Amino acid sequence: MKKHKRIFSLLLLLWSMSMTVEVRACTNFLVSKGASADGSVMISYLADAGGFMEPVYYAPAGFHEPGDSIDIYDWDYGALLGRIPQAPQTYQVIGNMNEHQLIIGETTFTGREELRGPNGIIDYGSLKYLALQRARTAREAIKLMVDLCNTYGYYSTGESFSVADKNEVWLFEFIGKGADEKGIVWAAARVPDGYVTAHANQSRIRRIDFDDPENWMWAPDVVTFAQRKGFYPKDGSKEDFSFTDAYCPPTPISLLLCEGRVWSIYRRVAPSQHFSEEYWRAVRGAEPYPLFIKPDKKISVRDVMSLMRDHFQGTDYDMTKGFAAGPYGNPYRWKPLFFELEGDTTQYGWERPISTQQTGFSFVAQARDWLPDAIGGLFWYGVDDTYSTCYMPLYMGMTALPPAISRGSITRFDWESAFWVFNLVANYAYGMYSYMIEDIKKVQDELEEYAIALAPYIDDTALQMYKNDKELMHRFLTDYSINTAENTVQRWRELGYYLFAKYNDRYINDMQRGGLYPVGPGYGNEFFRRAVEERPGYYDIRWRDSLE
């Protein structure tokens, strides 16, 4: 019986690990004001999960009566967890940004399983949207989230939150206290001006600077709780304490699947620093990547979009290369991530890049302090795979949402839903990826570059309206955001029609010459060679003396 219990516990642990990696395996990139090309604070966030899609989140601003309450639902599964008092005033939220230019993203790092407890009602998804509705600055949001978890209990596992306003950006990490205690242990670090950081489902805060409370925040018991639980020696010094090592010790799995994404961002924004791949490739004793780095050059919003499109291209780990990519350089590896070979005790796993087919939505958010909040808050929103999505600008001053990003269900295809339009185009491209992605990128570049170039003019026009007629400004920003999003989705439908015709029957049709005499693209030398080696003599075209 005990043996069966141990086996069940092991299976449960492995299941929870795979759920953490595949159900909520996200990536965030944080850019301080001094590191950005235009002086904006930026956060990017990918919500990655197999079988996941969600219309853009929207909560209107409002005032509430004493005694009003709000139901808390598990963001992953929709279960009702409990009810808490409503705040007297709440702010408008569009996606993961509110009317005061507060931005929140997250990645789940899970951490120690014994620190998840059933005694809380605040899950990580509810937490970020509650904070967006109730806080105006990053510091306010962090304090609010801590208070909510300590008051009502925390329901989920370990999380890394990105929290930014128009002046600061913070990395905020926390984990629950287990079944016997309520609340969280946590630490938060402000990204130094001129620096950037990233996180991707692995805790990254190590040593806390307890002598710098202006740029660091932490739970009073962040060290003593770890000592009491045996996660850190009782005689260990506060100065040597590592949040990551205590609450989310790295494993080969977390390094390969999570820190590889951080490495890929770092090696692209600061190539001069020559970050080694040894750490994410799980080399014993390799040095962890710095929490913050200074980029080689100031980073634009276009750069951030590009960073969110990554298959390790240009490195030895380029996922468009090798036999696993197939004959057409497909960088995606279908689930499950882990596999074994018959008669081989080694555990194998596919790479986990930033761009993945399982992205539900992503964003690049800009908070710009030189503009009024309604104009300064610019939320670039995309659906499905980042490599083949197109980011659409949504201003925080808008008062209604584009219909195409406000609808959809993962169980029913819908031509009117942006998610399904982008998803269908992406899925069609997987079959002949190296060819079709080039057609997709042309349209992607065309639309995004136009929207980015137009943004300063939209800002200026809206600013003039802000000074003279705020109601007109809100209408203008609403109309612009809705029209741009709807036109983008329509352009993607047209792209789909074009691809369906151009690559019909897996030919490449000449669209300028009526589709006559289509080209068969073949498979490439490596694929041909492996096919011949697998069945020697089978594909030979020659006279034979016999079939032996």
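Look up a bit, the structure's there.
Note that the structure is a prediction, hence the values are computed from the model and not measured.

1. Overview of the overall build of the protein chain
(1) Moving on: Regarding its fold elements, the protein chain presents twelve helices and 20 strands.
(2) Moving on: Since a compact globule built from 548 residues should have a radius of gyration of about 24 Å, the 25 Å found for the protein chain is in line with a globular shape.
(3) Moving on: Its C-alpha atoms put the protein chain at 90 × 70 × 45 Å along the principal axes.
(4) Moving on: Looking at the protein chain as a whole, 54% of its 548 residues qualify as buried.
(5) Moving on: Long-range contacts, defined as pairs at least 24 residues apart, comprise 71% of the intrachain contacts of the protein chain with a sequence gap of at least 6.

2. Some remarks on a nonpolar patch on the surface
(1) Moving on: Taken together, the side chains of Phe-323, Tyr-523, Phe-527 and Phe-528 make up a nonpolar region of the molecular surface, amounting to roughly 400 Å² of accessible area.
(2) Moving on: Mapping Phe-527 onto the fold places it in helix H12 (residues 525–534).

3. So, the packing of helix H2 (residues 124–134) against helix H3 (residues 138–152)
(1) Moving on: At a minimum axis distance of 9 Å, the contact between H2 and H3 shows a crossing angle of 130°. Looking at the two axes, H2 sits oblique to H3. Between H2 and H3 the crossing geometry is right-handed. Residues Leu-127, Leu-130, Ala-131 and Arg-134 of H2 pack against Ala-141, Leu-144, Met-145, Leu-148 and Cys-149 of H3.

4. A short note on the sheet that holds strand S2 (residues 41–48)
(1) Moving on: With respect to topology, six strands assemble into an open sheet ordered S14-S1-S2-S18-S19-S20, the strand pairing being antiparallel. Two strands close off the open sheet at either side, each with one partner strand: strand S14 (196–199) and strand S20 (392–395). Going across the sheet, the axis of each strand differs from the next one's by a mean of 15°, ignoring polarity.
(2) Moving on: In this sheet, S20 lies alongside strand S19 (residues 378–383) in antiparallel orientation, the contact comprising four bridges. In the strand pairing of S20, Tyr-381 is matched with Met-392.

5. Points about the pairing of strand S10 (residues 103–110)
(1) Moving on: Of all eight residues in S10, eight are buried, a share of seventy percent or more.
(2) Moving on: Along S10, one buried face is formed by Ile-103, Gly-105, Thr-107 and Phe-109 and the opposite face, lined by Ile-104, Glu-106, Thr-108 and Thr-110, is buried too.
(3) Moving on: By the bridge criterion, seven bridges tie S10 to strand S11 (residues 158–164) in an arrangement that is antiparallel. By the bridge assignment, Thr-107 is partnered in S11 with Ser-160.

6. A few points about the packing of aromatic side chains
(1) Moving on: For the structure on display, the rule yields 47 aromatic pairs.
(2) Moving on: With a centroid separation of 5.0 Å and 55° between ring planes, the pair formed by Tyr-332 and Tyr-430 is classed as tilted. With Tyr-332 in the loop between helix H7 (301–307) and strand S16 (338–339) and Tyr-430 in the loop between helix H9 (418–429) and helix H10 (433–468), this pair connects stretches of sequence that are 98 residues apart.
(3) Moving on: Pairing Phe-339 with Tyr-348 gives two aromatic rings, centres 5.6 Å apart and planes at 15°, and the pair type is stacked.
(4) Moving on: Owing to a relative accessible area of 28%, Phe-339 belongs among the partly exposed residues under this scheme.
(5) Moving on: If you follow Arg-116 out to its NZ or CZ, it ends over the ring of Tyr-155, 5.3 Å from the centre.
(6) Moving on: Over the ring of Tyr-428 we find Arg-506; its NZ or CZ atom is 5.1 Å from the centre of that ring.

What counts and what doesn't
Residues numbered from 1 in each chain as written. Predicted model: local features only at pLDDT ≥ 70, side-chain atom pairs only at ≥ 80, totals over all residues. Heavy atoms only, no water. Helix = DSSP H or I, 4+ residues; strand = E, 2+ residues; numbered from the N terminus. Rg over C-alpha atoms; globule rule 2.2 N^0.38 Å. Buried < 20%, exposed > 50% of the residue type's maximum accessible area, 1.4 Å probe, protein only. Contact = heavy atoms within 4.5 Å. Patch = residues over 30% accessible without salt bridge, like charges linked within 9 Å, V, L, I, M, F, W, Y side chains within 5 Å. Areas by Shrake-Rupley, 256 points an atom, 1.4 Å probe, with all protein chains shown as cover. Salt bridge = Lys/Arg side-chain N within 4 Å of Asp/Glu carboxyl O. Axes fitted to C-alpha atoms, helices over the stretch in contact; angles between N-to-C directions. Parallel < 35°, antiparallel > 145°, perpendicular 65-115°, else oblique. Left-handed = near helix turned anticlockwise from the far one by under 90°. Pairing = 2+ DSSP bridges. Phe/Tyr/Trp six-rings, centres within 6.5 Å; stacked < 30°, edge-to-face > 60°. Lys NZ or Arg CZ within 6 Å of the ring centre and 35° of its normal.

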